[in-house]
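Tertiary structure, described
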Amino acid sequence: TAYGLMMSIQNMGLALAPVFIMPMVPTSIEHQDQYRTIEVIFATLAFGGLICTFFLYLVDRKHGGVLFSGPEKDDLVGQPSPRINPLNPRVSPYLRQQMRFR
């Protein structure tokens, strides 16, 4: 799925970023200016992510806003919440409803 693909790309980035950044880290006090280069790299990546998010928003808006739409009103009407708190299952509205009928 697209979600799995994006997760694997993100994990690849998380695994490879230290490989490329570590050689740039200064080993002596004289080369402290190299930290600025590393900061610029991360700031550029963050800005690139912001730009991609903005363009994704514009494309989605052009095609009807599917990505930013919520669930249809009829999708959740009358259905109990399937969420269960593993620490306290009785908190779940679904389980409370089931326990009332016993």
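Residues numbered from 1 in each chain as written. Predicted model: local features only at pLDDT ≥ 70, side-chain atom pairs only at ≥ 80, totals over all residues. Heavy atoms only, no water.

1. Considering the overall build of the protein chain
Summing up its helical and strand segments, the protein chain has three helices and zero strands in all. Taken from N to C terminus, the helices and strands of the protein chain fall in the order α-α-α. A burial count over the protein chain gives 6% of its 102 residues as buried. Looking at the protein chain as shown, the accessible area adds up to about 9500 Å², and 66% of this sits on carbon and sulfur atoms. (Helix = DSSP H or I, 4+ residues; strand = E, 2+ residues; numbered from the N terminus. Buried < 20%, exposed > 50% of the residue type's maximum accessible area, 1.4 Å probe, protein only. Areas by Shrake-Rupley, 256 points an atom, 1.4 Å probe, with all protein chains shown as cover.)

2. Details of a nonpolar patch on the surface
On the surface, Phe47, Leu50, Ile51, Phe54, Phe55, Leu56, Tyr57, Leu58, Leu67 and Phe68 cluster together into a nonpolar patch covering about 1000 Å² of accessible area. The topology assignment puts Leu50 in helix α2 (residues 34-62). (Patch = residues over 30% accessible without salt bridge, like charges linked within 9 Å, V, L, I, M, F, W, Y side chains within 5 Å. Salt bridge = Lys/Arg side-chain N within 4 Å of Asp/Glu carboxyl O.)

3. Considerations on the side chain of Asp60
Looking at where Asp60 falls in the secondary structure, it is placed in helix α2. Among buried Asp, Glu, Lys and Arg side chains, Asp60 stands out as unpaired, with Arg61 the closest opposite charge at 8.6 Å. In contact with Asp60, other than residues within four places in its own chain, are Gly65, Val66, Leu67 and Phe68. (Lys, Arg positive; Asp, Glu negative; His and termini not counted. Contact = heavy atoms within 4.5 Å.)

4. Remarks on the confidence of the model for the protein chain
In low-pLDDT segments, the atomic positions of the prediction should not be examined closely. Summing up the model confidence of the protein chain, the mean pLDDT is 76 and the portion of residues at 70 or higher is 67%. When the elements of the protein chain are averaged for pLDDT, helix α3 (residues 93-100) gives the smallest value, 61, and α2 the largest, 88. (pLDDT = per-residue confidence, 0-100.)

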